[in-house]
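Okay, here's what each chain looks like letter by letter:
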Amino acid sequence: MARATSSRAHVARDDRGFSLIESLVASAILLTIAIVVMTTLIATSTWYAKARIRTEAGAVANEVISLILSRNASDIHRPAEGETWPAAIPATMPWPSAVGTFSVETSLVPQVDPATGTHVTEVIVTASPVGQVLDPAVSIMRYVSGWQEKDPGAEKSQVTVEVQLQTDHVSLAQSGVRVQLLDVSTLGETYYAVSNSAGVARFESVTEGQYFLTSDPRFGTDIRPLHFPERVYPTRLGPPGQADAPSVKYSLEVVRQDSPAILSVGAFQTDGFTGGGLVLGVPTWNIEKPYRPVQSASGTKLVIYARPVLNAPGTVSGVVGSGSTYPKESMLGPYSAAVNDYGVAKIVVPWTIDPSLGQSWEVWCSFRDRTTGVLTTHFLLPNGDHASGGWGVPVNQIDLMDQGQRVLLPQFTGLLNVDPVNSP
């Protein structure tokens, strides 16, 4: 009887279930497990989404660089004259994909392999999702050396080129001038040679072809190229393999000048500079003072733009052989400067034009009428404005008040109640 009673009491105690504390502990454990599981799921989902975007970015970058490398090395270039992808390779372009749009950036950097001396192009393609941060972005780098096409130099001779420096068509004995042969597509330096004491720069082993001839004034001398680079066609005068092939000789007009050429162009609310003449040997001008340069109500000065017209149709500076004599104007400038407190914009230009070849400057500015709100782009008249600072005179004229040759200042006048719109 005692054992039976004890057994019933034991069963009764078991039927009571969990206590409140036990239930709370169990709930806390379950909640902790749930939080861990949810955090893991969220983290896994986020990681998966980022991994998918990174994978897709890699696929986009690989696709783009494959399309770039599939073409001949000579066809890898930046857009020019309205070219678009895939004919040319823009620096940045959108690229649709299964997970959204990517921004694709391409870098094309010409280099020389230090081991072989081979000219190569470093191609870097970077893909990143638009509107999202992918750190780090996915980048792929390859080198293009032209192995996928026939070596363009295999059937071309190496030629020696000699360039004589000249001033006013007279040989200039000046050493230390860096003379350059530029790439006709990029205006990048392909070859350079330094002039000797006779003013002759000698290039050894130049691959025959086409280049623009000029010099770089940043290397130690005050000698500057006078006019814009001119296309030259160095080629071997004898058959390939001929011993002691004669060198190809050119001349390069230069000027001794400490500072770059300056285009001085005025912009005034009034009639500007008029009636230039000499008083006791000093150039003098009639102008309303104080000077009234064109500027906005807030004081923003008008910016004037300039671009050379080098290959004028019907002139000797037109097209020669397979290209224009001078670089395409779209590759140059526009050069610009804001007017100063005297109302004169001093536009720094690297080279001057040669009017005897029909070359000129296209000069313009843009402004908005304060009353009507009409936007106007105004060009200087080509036949009514004389030139300063390397336009009508061969070298730089730095300041209107100090010019040795009295020329009418090219200027925009009567620009009253307008606000500058400084965009080329």
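Right above here is the structure, for reference.
Residues numbered from 1 in each chain as written. Predicted model: local features only at pLDDT ≥ 70, side-chain atom pairs only at ≥ 80, totals over all residues. Heavy atoms only, no water.

Regarding the overall build of the protein chain
No. 1: Per the secondary structure count, the protein chain includes two helices and 25 strands.
No. 2: Going through the 424 residues of the protein chain one by one, you find that 38% of them count as buried.
No. 3: Expressed as a percentage of contacts within the protein chain between residues at least 6 apart in sequence, the contacts between residues at least 24 apart total 65%.
No. 4: When the accessible surface of the protein chain is totalled, it reaches about 23800 Å², and 57% of it is carbon and sulfur. (Helix = DSSP H or I, 4+ residues; strand = E, 2+ residues; numbered from the N terminus. Buried < 20%, exposed > 50% of the residue type's maximum accessible area, 1.4 Å probe, protein only. Contact = heavy atoms within 4.5 Å. Areas by Shrake-Rupley, 256 points an atom, 1.4 Å probe, with all protein chains shown as cover.)

Observations regarding the pairing of strand β2 (residues 100-112)
No. 1: Both strand β1 (residues 92-97) and β2 contribute to a ladder of six bridges, which runs antiparallel. Note that in β2 the partner of Ser-97 across the bridge is Gly-100. (Pairing = 2+ DSSP bridges.)

A short note on the sheet that holds β2
No. 1: The four strands lie next to each other as β1-β2-β3-β4, forming an open sheet whose pairing is antiparallel. Across the chains shown, the open sheet's two edge strands, defined by having one partner strand only, are β1 and β4 (138-144). Direction aside, neighbouring strands of the sheet carry axes that sit 25° apart on average. (Axes fitted to C-alpha atoms, helices over the stretch in contact; angles between N-to-C directions.)

Some details on the packing of aromatic side chains
No. 1: Throughout the structure, instances matching the rule amount to eight aromatic pairs.
No. 2: Summarising the aromatic geometry, the rings of Trp-364 and Phe-379 are spaced 6.0 Å apart at their centres and angled 35° between planes, so their arrangement reads as tilted. One end of the pair, Trp-364, is in strand β22 (residues 360-369); the other, Phe-379, is in strand β23 (residues 375-379), and 15 residues separate them in sequence.
No. 3: Among the aromatic residues, those joined into a ring-pair cluster are Phe-228, Tyr-335, Trp-351 and Trp-361.
No. 4: One Lys or Arg, Arg-178, reaches over the ring of Tyr-192 and ends 3.6 Å from the middle of that ring. (Phe/Tyr/Trp six-rings, centres within 6.5 Å; stacked < 30°, edge-to-face > 60°. Lys NZ or Arg CZ within 6 Å of the ring centre and 35° of its normal.)

Quick notes on the sheet that holds strand β24 (residues 411-412)
No. 1: Strand order in the open sheet made by the three strands is β21-β14-β24, with mixed pairing throughout. Edge strands, defined here as strands with exactly one partner in the open sheet, are β21 (344-349) and β24.
No. 2: Here strand β14 (residues 261-267) runs beside β21; their pairing, made up of six bridges, is antiparallel. Paired with Leu-263 across the two strands is Ile-347, which belongs to β21.

Some details on the layout of surface pockets
No. 1: By volume, the second largest pocket is sized at about 430 Å³.
No. 2: Along its surface, the second largest pocket is lined by 19 residues, and His-227, Glu-230, Ser-251, Leu-252 and Glu-253 are the ones closest to its centre.
No. 3: Residue assignment for the lining of the second largest pocket shows that the elements contributing at least two residues are β12 (230-232) and β13 (248-256). (1 Å grid on protein atoms, 1.4 Å probe; cavity = no way out; pocket = protein on both sides within 12 Å on 5 of 7 lines; lining within 4 Å. Points joined across faces, edges and corners; volume = space filled by probe spheres on them.)

A short note on the side chain of Gln-164
No. 1: Position of Gln-164 among the secondary structure elements: in strand β5 (residues 158-167).
No. 2: A polar atom in the side chain of Gln-164 sits 3.4 Å from the backbone oxygen of Gly-199.
No. 3: Excluding residues that lie within four positions of it along the chain, Gln-164 makes contacts with Ser-171, Leu-172, Ala-198, Gly-199, Val-200, Tyr-250, Ser-251 and Leu-252. (Polar contact = N/O pair within 3.5 Å; in protein donor to acceptor, adjacent residues only side chain to side chain.)

Notes on the environment of Val-421
No. 1: By the element assignment, Val-421 lies in the segment after β25 (418-420).
No. 2: Between the C-alpha atom of Val-421 and that of Ser-366, which follows or precedes it by 55 residues, the distance is 5.2 Å.
No. 3: The contacts of Val-421, once residues within four sequence positions are left out, are Ser-366, Phe-367, Arg-368 and Leu-375.

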